[in-house]
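Below are the chains, spelled out letter by letter.
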Amino acid sequence: MDAVLRQHRMWLSSPSEGRQADLSGAPLNGENFTGADLRWLQAASACFHESRFYDVDLDGSDVTAAGFYHARLHHSRLREMKGREANFAGARIDHCDFSRSDLTSANFARAYLIECSFRYAELEGCDFREMRLRGGDFRGANLRGAIGLTTAHISQALIDEDTVLPFPTA
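Residues numbered from 1 in each chain as written. Predicted model: local features only at pLDDT ≥ 70, side-chain atom pairs only at ≥ 80, totals over all residues. Heavy atoms only, no water.

Caption draft 1: Structural view of the packing of aromatic side chains. This structure, assessed with the given rule, holds 12 aromatic pairs. Ring centres of Phe33 and Phe53 lie 4.9 Å apart, and the angle between their planes is 15°; on these two criteria the pair is classed as stacked. Of this pair, Phe33 sits in the loop between helix H1 (2–13) and strand S1 (52–54) while Phe53 sits in strand S1, and the two are 20 residues apart along the sequence. Taking the centre distance of 6.0 Å and the plane angle of 90° together, the rings of Phe108 and Phe118 count as edge-to-face. Of this pair, Phe108 sits in the loop between strand S3 (92–94) and strand S4 (112–114) while Phe118 sits in the loop between S4 and strand S5 (132–134), placing them 10 residues apart in sequence. Note on Phe108: relative accessible area 0%, which makes it buried. Members of the aromatic cluster, joined through ring pairs, are Phe33, Phe48, Phe53, Phe68, Phe88, Phe98, Phe108, Phe118, Phe128 and Phe138. (Phe/Tyr/Trp six-rings, centres within 6.5 Å; stacked < 30°, edge-to-face > 60°. Helix = DSSP H or I, 4+ residues; strand = E, 2+ residues; numbered from the N terminus. Buried < 20%, exposed > 50% of the residue type's maximum accessible area, 1.4 Å probe, protein only.)

Below is the structure:
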């Protein structure tokens, strides 16, 4: 894994010298990615169950249908990420930035979201059942068809006139 990440870091700084990491479908359960620069990572359908992402940069990465079951994501950047149908069930996600990410039909059931930003994120059809939410920024987000999201959740978060909610507002 270290060699793959080293090649990826080289590719980020000089594409002719390194190689973009492609971890698609890889079993990466329990891995520790602390401080890793994983921008533009290809990891569709990878399994990150119980992995740790502390201060990680995943901007622009493709984690379509990847599994983050019970993963820990803290102070990480996941902006403009492709994460359709990703599974974050039971994950603890603390101060992460998912701005402008496509998380259509992602699973956040039983996840604990603390002060995360989902500004202008595509969250249509996401599963938020039994999710615990503390704060957060959903300004401009599309939450149409989201399951399990309640007015109590939204009352703790920032929204604006561009936020599309799954229920009518008063």
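And the narrative resumes.
Caption draft 2: Here's a closer look at the sheet that holds S1. The 5 strands are arranged S1-S2-S3-S4-S5 in an open sheet whose pairing can be described as parallel. Since the sheet does not close on itself, it has two edges, and those belong to S1 and S5, each with one partner. Averaged over neighbouring strand pairs, the angle between their axes works out to 5° when direction is ignored. Of the strand pairs in this sheet, S1 and strand S2 (residues 72–74) are connected by 3 bridges, and their pairing is parallel. Along S2, the bridge assignment pairs Phe53 with Leu73. (Pairing = 2+ DSSP bridges. Axes fitted to C-alpha atoms, helices over the stretch in contact; angles between N-to-C directions.)

Caption draft 3: Examining the nonpolar core more closely. In terms of nonpolar packing, the biggest core is built from 50 residues, with Phe88, Ile93, Phe108 and Phe118 touching the most fellow members. Excluding anything up to four places from it in sequence, Phe88 contacts Phe68, Met81, Ile93, Phe98, Leu103, Asn107, Phe108, Ala109 and Ala111. (Core = buried A, V, L, I, M, F, W, Y, C linked by side-chain atoms within 4.5 Å. Contact = heavy atoms within 4.5 Å.)

Caption draft 4: Structural detail: the pattern of salt bridges. The tally for this structure, following the rule as stated, stands at 8 salt bridges. Ionic pairing is found between Asp57 and Arg77, a salt bridge with its closest N-O pair at 3.7 Å. Remark: Arg77 occurs in the loop between S2 and S3 and Asp57 occurs in the loop between S1 and S2; sequence separation between them is 20 residues. Classification of Arg77 by relative accessible area gives partly exposed; the value is 26%. Residues Asp137 and Arg139 are paired through a salt bridge, measuring 2.6 Å at the closest nitrogen-oxygen approach. Taken together, the salt bridges that share partners define one network made up of Asp55, Asp57 and Arg77. (Salt bridge = Lys/Arg side-chain N within 4 Å of Asp/Glu carboxyl O.)

Caption draft 5: Inspection of the side chain of Asp137 at higher detail. For Asp137, the position within the fold is in the loop between S5 and helix H2 (151–155). For Asp137, the side chain forms a polar contact with the side chain of Arg139, separated by 2.6 Å. (Polar contact = N/O pair within 3.5 Å; in protein donor to acceptor, adjacent residues only side chain to side chain.)

Caption draft 6: Layout of the side chain of His8. Mapping His8 onto the fold places it in helix H1. By relative accessible area, His8 is classed as buried at 0%. The residues touching His8, leaving out its near neighbours within four places in the chain, are Arg19, Gln20, Ala21, Asp37, Leu38, Arg39, Trp40 and Leu41.

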